[in-house]
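# A structural walkthrough
Listed below are the residues making up each chain.
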Amino acid sequence: MTTKVSSSRYLPGAHARSRHPAEQRAHQYVVEWEQKKTQTTESPNTTAILSPTICFSRKIGVGALEIAEILSQKTDQRVADRLIIEKIAADADLSQKTVTYFDERHPGKMNELGALLFGEKSFIMSDFSRKLFSAVITLAESESTIFVGRGTHLILPRDRVLAVRCISAKEFRIKRVADILGVSASAAKKELEEADKEQRRFFKKTFNKKDAPPEEFDLIINCDFLHQPEWAADVIHQAFISKFRAQDETEV
């Protein structure tokens, strides 16, 4: 007889402490964006000046969202994780608003982005990818944001992004997920293996990529050694200040 350890599934972002539900945040962010849109006097084709953005890429279960939430207190930026991004992309009403806005503001840019990621000849962008990209760019343009997951550093203008990759040994991730779910290490390992497979499928389908090479990032945080989220947040905060202070001084 097989004993089922737990019916829980580890969904990245769903187990963070003191967070409002993703659906609530997604609707809140779109409402705030719509309010700002009605107040602006810019023409639809005016190029937006994107606020400096932090984009986290991570090994599933490493704790990037916890680091991002601490960092947001230092930078006064909101946090949009994969649950929020995907909720906007999947909700018919929310996605229609962001896609329409993007198409009006950036005519032809979606095809350019798709060709950049997939190649001029082979690129076919799915409906979900189109909605996902529109959601990310709309969120980034409406307010300074920290993004966690879903390859956002590949979507946004690279010169306006501090791209951070959080990694660790698998043992670190297994222990953390086991503690979160209250399951055995072997059960946590199975959860992570499934989550890792889903992440690989997503990146292959959405970005035509198999992995996240280090040259894509400004900074790589190894949580085996910077194992306290506060330590990692301090390092990233300083890198964020240094990068964009230097950039702003160069542009003056």
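## Digging into the overall build of the protein chain
In terms of helices and strands, the protein chain carries nine helices and five strands. The secondary structure elements of the protein chain, listed N-terminal to C-terminal, are α-β-α-β-α-α-α-α-β-β-α-α-β-α. Taking all 252 residues of the protein chain together, 47% fall into the buried category. Contacts in the protein chain between residues far apart in sequence, at least 24 positions, make up 81% of those at least 6 positions apart.

## A few points about the pairing of strand β3 (residues 145–148)
Here β3 shows a buried face lined by Thr 145 and Phe 147 and a second buried face lined by Ile 146 and Val 148. Sheet topology note: the strand β1 (residues 53–58)/β3 ladder contains three bridges and is parallel. The residue bridging Phe 56 from the neighbouring strand is Val 148, located in β3.

## Thoughts on the confidence of the model for the protein chain
Per-residue pLDDT for the protein chain averages 83, and the proportion of residues at 70 or more is 81%. Note on residues 1–7: pLDDT is under 50 here. Beyond four places in sequence and across chains, it has four contacts.

## Details of the sheet that holds β1
Each strand in a sheet pairs with another by means of backbone hydrogen bonds, the pair being arranged parallel or else antiparallel. Ordered in space as β2-β3-β1-β4-β5, the five strands form an open sheet in which the pairing is parallel. Across the chains shown, the open sheet's two edge strands, defined by having one partner strand only, are β2 (78–81) and β5 (219–222). This sheet shows a mean twist of 20° between the axes of neighbouring strands, independent of strand direction.

## Remarks on the packing of helix α3 (residues 82–90) against helix α4 (residues 92–105)
In a pair of packed helices, the angle between the axes and the distance between the axes together describe the arrangement. Taken N-terminus to C-terminus, the directions of α3 and α4 make an angle of 90°; their axes are 5 Å apart at the nearest point. Relative to α4, the element α3 is oriented roughly perpendicular. Here Ile 88, Ala 89 and Ala 90 of α3 lie close against α4, whose contacting residues are Ala 92, Leu 94, Ser 95 and Thr 98. Counted by class, the contact of α3 with α4 contains five nonpolar, two polar and no charged residues.

## Remarks on helix α7 (residues 170–181)
Given a rise of 1.5 Å per residue, 12 residues ought to cover 16 Å, and the 16 Å separating the end C-alpha atoms of α7 matches this to within 8%. Of all the positions in α7, only Arg 173, Ile 174, Val 177, Ala 178 and Leu 181 are classed as buried. Here the buried residues of α7 occupy an arc of 130° about the axis, which is enough to place them on one side. Turned more than 90 degrees off the buried face of α7, the exposed positions are Glu 171, Lys 175 and Asp 179. Looking at the buried positions of α7, the neighbouring elements they touch are α8 (185–207). Positioned one or two residues after α7, Gly 182 has a phi angle of 70°, which is positive.

## Topic: the nonpolar core
Nonpolar side chains in soluble globular proteins generally cluster together in the buried interior. Residues Ala 80, Ile 88, Phe 133, Phe 147, Ile 155, Leu 156 and Phe 207 are the most contacted members of the largest nonpolar core, which totals 34 residues. Of all the secondary-structure elements, those providing two or more residues to this core are α1 (22–39), α3, α4, α5 (109–118), α6 (127–142), β4 (161–167) and α8. Among the elements that make up this core, the one with the highest residue count is α6 (seven residues). In contact with Ile 88, not counting residues within four places along its chain, are Ala 26, Val 30, Leu 94, Ser 95, Thr 98, Ala 135 and Leu 139. Core analysis: the second largest hydrophobic core is formed by 22 residues, Ala 64, Ile 146, Cys 223 and Phe 240 among them.

## Comments concerning the state of the cysteines
Across all of its chains, the model carries zero disulfides by this definition. Between Cys 166, a cysteine without a disulfide, and Cys 223, which holds the nearest cysteine sulfur, the sulfur-to-sulfur distance is 4.9 Å. A relative accessible area of 0% places Cys 166 in the buried class. Here Cys 223 falls in the buried class, since its relative accessible area comes to 3%.

## Some thoughts on the packing of aromatic side chains
All told, the structure shown has five aromatic pairs when counted by the stated rule. On the basis of an interplanar angle of 85° and a centroid distance of 5.4 Å, the ring pair of Phe 202 and Phe 203 is categorised as edge-to-face. The two residues Phe 202 and Phe 203 agree in class, both being buried. Ring geometry for Phe 203 versus Phe 207: centroids 5.5 Å apart, planes at 35°, classification tilted. Pair noted here: Phe 203 and Phe 207 are both in helix α8, with a separation of four residues, about one helical turn. The same class applies to Phe 203 and to Phe 207, which are both buried.

Rules behind the numbers
- Residues numbered from 1 in each chain as written.
- Predicted model: local features only at pLDDT ≥ 70, side-chain atom pairs only at ≥ 80, totals over all residues.
- Heavy atoms only, no water.
- Helix = DSSP H or I, 4+ residues; strand = E, 2+ residues; numbered from the N terminus.
- Buried < 20%, exposed > 50% of the residue type's maximum accessible area, 1.4 Å probe, protein only.
- Contact = heavy atoms within 4.5 Å.
- Pairing = 2+ DSSP bridges.
- pLDDT = per-residue confidence, 0-100.
- Axes fitted to C-alpha atoms, helices over the stretch in contact; angles between N-to-C directions.
- Parallel < 35°, antiparallel > 145°, perpendicular 65-115°, else oblique.
- Nonpolar A, V, L, I, M, F, W, Y, C, P; charged D, E, K, R; others polar.
- Expected span 1.5 Å × (residues − 1).
- Arc of directions from axis to C-beta.
- Core = buried A, V, L, I, M, F, W, Y, C linked by side-chain atoms within 4.5 Å.
- Disulfide = S-S within 2.5 Å.
- Phe/Tyr/Trp six-rings, centres within 6.5 Å; stacked < 30°, edge-to-face > 60°.

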